[in-house]
Every structure is written in C-alpha cells, then in structure tokens.
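Chain residues, written in single-letter form:
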Amino acid sequence: MSRPLVDSADRTISSRVFTDPAVHALEQSHVFSRCWLYVGHRSQFKAPGDFVQVLAGTVPMLLCLDDAGQFHAIANVCTHRGGRICQLEHGNAARFVCPYHNWTFNNRGDLIAVPRQHSPGFDKSRWNLMRAARVATYRDLIFCTFDPDACSLEDYLGEMKWYLDLVLSSSAAGTEVSAGVHRSIIHCNWKIPAEQFGSDNWHFQGVHGSMGRLGHRNEDPLHANSFHSWTANGHMLISVAPRREIPGANTAYLDGLAQQGNLSDAQLRLLRGSLVMTVFPNLSFVYFPGLCSIRVWQPIAADQTELWSWALYNRDAPEAVKEGIRTQVTRMFSPSGMLEQDDLEVWTRLETNLKSMPPSFRLCYEFGAGEAGTARPFPGATTNLQSDTPAFAFYKHWARLVGQDATP
Ligand code: FES
Ligand SMILES: [Fe+2]
C-alpha cells in the first residue's frame with residue numbers, strides 16, 4: 001500500500017502535497033468546497049448593490065450586497081456558455097448582463113431575463129448562477145461556504161475567535177481595510193505561505209536575518225507570551241512578545257485602546273508583540289504594533305498562488321495611525337516589501353526544488369513530536385516557538401478532509 005500523503009507515524013509529508021496537480025484538484029473538491037472561505041470585509045460595501053469580485057478556491061465569484069442588506073456570493077460564470085458576467089473588479093449594480101448572449105442575472109444570482117427567448121417551456125429558474133450555500137460574518141469579516149451542511153461560522157472559527165478579536169475588536173467601531181487590493185502571483189503552492197504564516201517563527205532568523213542585522217528585531221522568543229497555538233479545524237498562530245517595550249508611534253494609540261475595555265488584559269499584552277496567524281485553509285493575518293495586514297493565498301494551480309492582501313485598521317483610528325499602518329504594510333508586506341521579498345524568493349525556490357524530486361520524497365515535520373503540551377493561559381493547544389506540531393496539525397486536518405490521513 002502506498003504511503004499516505006500525511007503520515008502521522010513518522011510525522012512526514014509527501015512533497016506531492018505541494019506539487020501534484022491531482023492533489024490540487026482533490027483539495028478543490030474536498031477542502032475548498034467544504035470549508036468556510038474568507039471572501040470580503042464589510043468596509044468594502046457602502047451601499048445596497050455594491051459588489052466585489054472575489055475567489056472562493058478557484059471559483060471566480062461576485063460578493064454582492066442586496067437591497068435587504070444580505071450578502072450573496074454568486075459565481076461570476078454564466079450558466080449558458082460560461083461567460084464572465086461581470087468584468088469590473090468592484091462597483092454597484094442591481095443586475096449583471098452577460099456580454100456573450102446577454103442573459104441577465106440579479107445580484108442574488110437569479111436569471112431574470114433571456115433576450116429573444118423562443119424555446120417553449122424554458123424554465124429560467126433552472127439556470128440561476130451557482131452560489132455559495134451560505135454566507136456569514138464574524139466581526140467585519142465575510143465568509144462563504146459551498147457546503148450546506150457546514151457547521152456555523154462561529155463554531156468553525158471556535159477558539160481562534162479569541163485571537164482574531166485582537167485585530168478585529170480592540171475598538172467598538174470595528175475595522176476597515178485599505179481601498180483596493182494588492183495582488184501578486186507567487187510561484188508556489190498556497191499551503192507553503194499558509195503554513196509559514198501560522199506556524200513558522202523559526203524561518204525569521206534565516207530568511208529575514210538581514211532585518212536583525214539592521215537592528216529591526218525586538219523579539220523575546222523565550223517570553224511566556226511567545227508561543228504557538230493551534231485549535232480545532234486547522235487554525236494556528238504565532239505570538240511573539242517584544243524583548244523590551246520600545247515606545248513608538250503606535251504606543252499612545254495602544255494605550256488608548258487599553259482604556260476602552262474591549263479586550264482582556266491578556267489580549268492587550270499580546271497586542272504589544274507580534275501575531276501571525278492562519279485561519280484554515282488560506283486566510284492569514286500579520287500584526288506588529290503599527291502594522292496589520294489581511295492576506296489570502298488563492299490556490300490558482302498546484303504550483304501557483306495569487307496573494308490578495310489589504311492593510312487592516314480600526315475604523316475610528318486617527319488618520320495618522322491608518323496612514324502609518326498602510327505605509328508599514330507596503331514597506332514590509334507588499335511585493336516589494338522588505339519581508340515579503342525574502343519570503344517570495346524562498347517559497348519560489350522551494351517549489352522548484354520539490355517539483356524536481358521523485359514522488360517518494362518526504363519532508364520532516366518531526367520537531368516537537370512527543371512533546372508534552374505546556375499549559376498556558378491562552379485558548380487552544382500551545383507549545384514553544386520551535387515546534388512543527390501546529391503545522392502538522394494543519395496538515396492532519398487537511399489530510400482528513402482529502403481522505404489521506406494515517407492517524408493511528
Ligand atoms: S454565455 Fe452568457 S449569455 Fe451566453
Ligand atoms: Fe517571512
């Protein structure tokens with residue numbers, strides 16, 4: 001019997017997980033069609049009729065706000081011959097007219113008009129656009145799922161909500177994202193960055209070593225507030241405490257948030273350090289004081305990912321704080337950002353290397369195997385920062401979904 005892609009017996013993962021088009025196809029039908037997927041932020045919608053083009057897995061979608069204030073995620077793919085019914089990235093429309101033969105759909109995905117319709121008995125209601133089974137929000141984040149039997153979004157996020165609240169609800173006013181979206185193609189599998197953002201603090205000293213030499217690192221990996229956490233459904237995060245409090249442009253703003261009382265003292269302490277987290281499957285956040293970005297790793301092909309990213313800040317933050325966060329996100333985490341350039345180079349070489357190896361090649365996720373979990377006053381299971389256990393939990397969840405788990 002061939003070995004499973006993810007093998008719990010020796011904590012190894014087949015390189016095919018990152019390279020094989022058949023695996024990519026399998027995860028579209030078993031992962032992206034069953035999980036809750038991030039598709040947008042409330043602040044992108046100002047009025048009824050507003051829409052944005054999004055991706056849900058590989059499916060091009062329109063996320064629309066209807067007159068009743070309901071969000072709908074509908075495929076931007078005509079049911080007649082597959083035309084792209086909307087060409088604009090975002091806008092406002094009550095209906096969409098496919099440019100090929102002008103079939104017309106409302107912003108809930110219903111087929112409402114077919115020009116020159118001469119086919120007796122033609123039933124328009126059979127040809128509505130494909131749509132997500134459910135759309136739901138957590139704080140200001142909008143998710144959809146194609147699985148009508150999926151658990152609620154709240155249950156799906158579970159204990160991860162405590163950590164998401166750090167970046168989503170430090171102000172009662174909620175959050176907003178920067179206008180537009182950074183989009184860039186990365187020549188690697190989507191799981192490589194999703195894994196790194198949720199579970200790989202270790203790479204920082206190697207890949208971003210130049211930042212340390214420039215004096216831009218202020219981290220205490222042995223601090224009690226430096227840890228990995230992972231929760232049910234494959235979510236995971238890295239929390240790194242600062243070595244020392246260095247007053248900065250954002251310090252007074254953080255002090256003000258502490259006074260508002262929306263977060264607990266434990267949460268506020270974590271906000272003084274850095275947080276990098278991945279909500280399964282492909283939504284990540286990176287936060288440092290004065291920097292916060294939402295990033296979605298869109299699975300274009302087995303060896304190609306499109307990164308969509310936005311700056312994220314409190315809706316009622318002073319304009320100087322928002323501008324500072326936009327500037328820092330661009331400086332660090334845009335295609336020309338100091339940290340992102342380092343990662344892109346490594347991820348691309350990694351993909352090329354893995355594709356060159358025989359299909360029997362396996363990767364080591366052994367660090368931390370057999371470790372006794374250390375009790376920490378934080379949600380989820382936790383461990384120290386040099387452990388593969390959170391990443392392996394991510395892949396075990398993935399493997400269960402694609403039917404490739406070998407958990408004894
Ligand atoms: S493909 Fe859309 S109307 Fe024909
Ligand atoms: Fe990195």
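Residues numbered from 1 in each chain as written. Chains lettered and ligands numbered in written order. Predicted model: local features only at pLDDT ≥ 70, side-chain atom pairs only at ≥ 80, totals over all residues. Heavy atoms only, no water.

1. Thoughts on the nonpolar core
Next up, step 1: Counting 106 residues, the largest nonpolar core has Phe285 and Trp398 as the members making the most contacts within it.
Next up, step 2: Looking at this core element by element, the count peaks at eight residues for helix α12 (residues 389-402).
Next up, step 3: When residues of this core are assigned to domains, at least three fall in each of domain 1 (37-138) and domain 2 (158-402). (Core = buried A, V, L, I, M, F, W, Y, C linked by side-chain atoms within 4.5 Å. Buried < 20%, exposed > 50% of the residue type's maximum accessible area, 1.4 Å probe, protein only. Helix = DSSP H or I, 4+ residues; strand = E, 2+ residues; numbered from the N terminus. Domains from an automatic or database assignment.)

2. Let's talk about the environment of glycine 368
Next up, step 1: Its location among the elements puts glycine 368 in the loop between β22 (362-364) and β23 (381-383).
Next up, step 2: Sequence spacing of glycine 368 and threonine 389 is 21 residues, and the spatial spacing of their C-alpha atoms is 6.0 Å.
Next up, step 3: Those residues in contact with glycine 368, other than ones at most four positions away along the chain, are Arg11, Ser387 and Thr389. (Contact = heavy atoms within 4.5 Å.)

3. Here's the deal with the coordination of the iron ion (ligand 2)
Next up, step 1: Taken together, the protein ligands of the iron ion (ligand 2) are His203 (NE2), His208 (NE2), Asp343 (OD) and Asp343 (OD), with distances of 2.1 to 2.4 Å.
Next up, step 2: Each of the four donor atoms around the iron ion (ligand 2) contributes to a set of angles spanning 56 to 146°, which defines the coordination as irregular.
Next up, step 3: Taken in chain order, the donor set of the iron ion (ligand 2) reads H-x4-H-x134-D. Pair noted here: histidine 203 is in helix α6 (residues 203-207) and aspartate 343 is in helix α11 (residues 338-355), with a separation of 140 residues, a long-range link.
Next up, step 4: Classification of aspartate 343 as buried rests on a relative accessible area of 3%. (Donors = N, O, S within 2.8 Å, 3.2 Å for Na, K, Ca; no water. Tetrahedral: all angles 85-135°; square planar, octahedral: opposite > 155°, others 65-115°.)

4. So, helix α4 (residues 160-168)
Next up, step 1: Within α4, eight of the nine residues are buried, leaving the element largely enclosed by the surrounding structure.
Next up, step 2: Residues of α4 that are buried: Met160, Lys161, Tyr163, Leu164, Asp165, Leu166, Val167 and Leu168.

5. Topic: the pairing of strand β5 (residues 59-65)
Next up, step 1: Along β5, seven of the seven residues are buried, which leaves the element largely enclosed by surrounding structure.
Next up, step 2: Neither face of β5 is exposed, since Val59, Met61, Leu63 and Leu65 on one face and Pro60, Leu62 and Cys64 on the opposite face are all buried.
Next up, step 3: Both strand β4 (residues 50-56) and β5 contribute to a ladder of six bridges, which runs antiparallel. From the neighbouring strand, glutamine 53 faces β5, where its bridge partner is leucine 62. (Pairing = 2+ DSSP bridges.)

6. Re unusual backbone geometry
Next up, step 1: With an omega of 0°, the peptide bond running from phenylalanine 280 to proline 281 counts as cis.
Next up, step 2: The phi torsion at arginine 11 lies on the positive side, around 50°, for a residue other than glycine.
Next up, step 3: Secondary-structure assignment places arginine 11 in the loop between β1 (6-7) and β2 (12-14).
Next up, step 4: Look at arginine 139: it is not a glycine, yet its phi comes out positive at around 50°.

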